[in-house]
Amino acid sequence: MSQSTTAPAPPTISADGLLLRPLTEADEPAVAEALRDGDILRWAVGRAVTGAAPGERARAWLAPRLACWGSGTAAFAIADPDRDTLLGSLSVREINRLPDQAVVTYWVTPAARGRGLAAKALDAVARWAFAPATDGGLGLHRVTLDHAEPNIGSCRVATRAGFRLEGTMRDFYVDTDGIRHDSHLHARLASDGPHPRG
């Protein structure tokens, strides 16, 4: 597949009872609420956010994602399609930093967990990432993700969305307490074929 030379246009993706859309300024209160969750802070947001004052964390997290579509990242809100309530976030980063590849990250709010929403969103975004540019996709061949080994929920999400475990990266992740963890590396390839939904 050929390497994309332009930034992705922000799409809206409807799939499996979810709406994936670009994040907006209006999402800040819901992001602030999500960032009160210890698991999101520990596993999903990075030091720039955790190092900010609690009242500034949502702005610190949201601002780069509002501006990222022109710079090789596609950041989505995972939302309820009826009320457009923010249920989580999923980003496709480092698009074509390596030819025809990208990295995904995701989190869901505590209230949205346990319903398979993250795996459905991850599958939908992978399908979009693999679709040819002529069909509105990114035309990628390989999409990867990694998670700290103790983050078992993230491992389940990856596996359910068709991202195969490829190996363990030793001492790769440093959590908010400065503790290093091994990380699992998962990947899904366009050549893996369609992943069954559900």
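Further up the page is the structure itself.
Described in the following lines is the structure provided in the data block. (Residues numbered from 1 in each chain as written. Predicted model: local features only at pLDDT ≥ 70, side-chain atom pairs only at ≥ 80, totals over all residues. Heavy atoms only, no water.)

## Regarding the pairing of strand E2 (residues 18-22)
With four of its five residues buried, E2 lies for the most part within the structure. Where strand E1 (residues 13-15) lies against E2, three bridges are found, and the strand directions are antiparallel. Note on E2: the bridge partner recorded for Ser14 is Leu19. Here four bridges tie E2 to strand E3 (residues 74-79), and the two strands are oriented antiparallel to one another. Looking at E3, one finds that Arg21 is bridged to Ala77. (Buried < 20%, exposed > 50% of the residue type's maximum accessible area, 1.4 Å probe, protein only. Helix = DSSP H or I, 4+ residues; strand = E, 2+ residues; numbered from the N terminus. Pairing = 2+ DSSP bridges.)

## What to know about the environment of Arg127
Summarising the element assignment, Arg127 is placed in helix H5 (residues 117-130). Through-space distance from the C-alpha of Arg127 to that of Gly178 is 35 Å; in sequence the pair is 51 residues apart.

## Focus: the environment of Leu62
The residue Leu62 is located in helix H4 (residues 57-66) in this model. Owing to a relative accessible area of 0%, Leu62 belongs among the buried residues under this scheme. Residues Leu62 and Thr24 lie 38 residues apart in sequence; the distance between their C-alpha atoms is 8.4 Å. Leaving out residues up to four positions away in the same chain, Leu62 has contacts with Leu23, Thr24, Glu25, Asp27 and Glu28. (Contact = heavy atoms within 4.5 Å.)

## Some remarks on unusual backbone geometry
In this structure, Asp16 takes a positive phi of about 50° despite not being glycine. Mapped onto the elements of the fold, Asp16 is located in the loop between E1 and E2. Here the phi dihedral of Asp171 falls at roughly 50°; this positive angle occurs in a residue that is not glycine. Along the chain, Asp171 falls in strand E7 (residues 164-174).

## A word on the packing of aromatic side chains
As enumerated under the stated definition, the model contains four aromatic pairs in all. With a centroid separation of 5.3 Å and an interplanar angle of 85°, the aromatic rings of Phe76 and Trp128 are classed as edge-to-face. Here Phe76, found in strand E3, pairs with Trp128, found in helix H5; they are 52 residues apart in sequence, far enough to count as distant. The class for Phe76 is buried, based on a relative accessible area of 0%. (Phe/Tyr/Trp six-rings, centres within 6.5 Å; stacked < 30°, edge-to-face > 60°.)

## A few points about H5
Between its terminal C-alpha atoms H5 stretches 20 Å, which fits the 20 Å expected from 14 residues at 1.5 Å a residue. Most of H5 sits inside the fold, with twelve of its 14 residues counted as buried. (Expected span 1.5 Å × (residues − 1).)

## Looking at the sheet that holds strand E6 (residues 142-148)
Read from one edge of the open sheet, eight strands run E1-E2-E3-E4-E5-E6-E8-E7, paired in mixed fashion. One side of each edge strand has no neighbouring strand; the edge strands of this open sheet are E1 and E7. Averaged over all adjacent pairs, the angle separating strand axes in this sheet is 25°, with direction ignored. Pairing geometry for E6 and strand E8 (residues 180-189), over seven bridges, is antiparallel. Bridge assignment links His147 to a residue of E8, and that residue is His184. (Axes fitted to C-alpha atoms, helices over the stretch in contact; angles between N-to-C directions.)

## A word on the pattern of salt bridges
Under the criterion given, the structure shown has 14 salt bridges. Between Arg113 and Asp39 there is a salt bridge, with its nearest N and O atoms 4.0 Å apart. Here Arg113, found in the loop between strand E5 (101-108) and H5, pairs with Asp39, found in helix H2 (residues 38-43); they are 74 residues apart in sequence, far enough to count as distant. The network of salt bridges with common partners includes Arg21, Asp27 and Asp84. (Salt bridge = Lys/Arg side-chain N within 4 Å of Asp/Glu carboxyl O.)

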